[in-house]
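Spelled out, the chains give:
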Amino acid sequence: MSILPLLQAAADAAAGVYSAGYQGAWAMLGAGIGAGLAVIGAGIGIGRIGGSATEGMARQPEIAGTIQTGALILAALVEGVALFAVVVTLLITLKY
């Protein structure tokens, strides 16, 4: 499979060759890719937080409560950013 047709399609889209009917299709494609990247990024981030917190609690069990609290707060912040990204992509999808 060659990547040249995809590059040509991207160049044509950037030059405005396509009609206005394709504008919504490109928005849907971008929104889908954006939502996927947001979910993948959040999954990786929360996984790393959980793994590091577990390792930290195993090394120093006396402060496990403090590590767990910090990890939960960080996971909630990562999840909030991911939710915001998914809402933005949903707004893009609903606009077109």
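Residues numbered from 1 in each chain as written. Predicted model: local features only at pLDDT ≥ 70, side-chain atom pairs only at ≥ 80, totals over all residues. Heavy atoms only, no water.

### Focus: the overall build of the chain
And then number 1: Tallying secondary structure elements over the chain gives three helices and zero strands in all.
And then number 2: Scanning the chain from its N terminus toward the C terminus, one meets helices and strands in the order α-α-α.
And then number 3: The proportion of buried residues among the 96 residues of the chain is 16%.
And then number 4: Pairs at least 24 apart in sequence give 66% of the contacts found in the chain among residues at least 6 apart.
And then number 5: Taken as a whole, the chain presents about 6,900 Å² of accessible surface, with 73% of it coming from carbon and sulfur. (Helix = DSSP H or I, 4+ residues; strand = E, 2+ residues; numbered from the N terminus. Buried < 20%, exposed > 50% of the residue type's maximum accessible area, 1.4 Å probe, protein only. Contact = heavy atoms within 4.5 Å. Areas by Shrake-Rupley, 256 points an atom, 1.4 Å probe, with all protein chains shown as cover.)

### Examining helix H3 (residues 64-95)
And then number 1: The terminal C-alpha atoms of H3 lie 46 Å apart, and with 32 residues this matches the ideal 46 Å at 1.5 Å per residue to within 8%.
And then number 2: Those residues of H3 that fall on the buried side of the exposure criterion are Ala64, Ala71, Ala75, Ala82 and Thr89. (Expected span 1.5 Å × (residues − 1).)

### Some thoughts on the pattern of salt bridges
And then number 1: Within this structure, the stated rule accounts for one salt bridge.
And then number 2: For the salt bridge of arginine 59 with glutamate 55, the shortest nitrogen-to-oxygen distance reads 3.0 Å. Separated by four residues within a single helix, arginine 59 and glutamate 55 lie in helix H2 (residues 21-59), roughly one turn from each other.
And then number 3: The class of arginine 59 is exposed, set by a relative accessible area of 64%.
And then number 4: A relative accessible area of 44% means that glutamate 55 is categorised as partly exposed. (Salt bridge = Lys/Arg side-chain N within 4 Å of Asp/Glu carboxyl O.)

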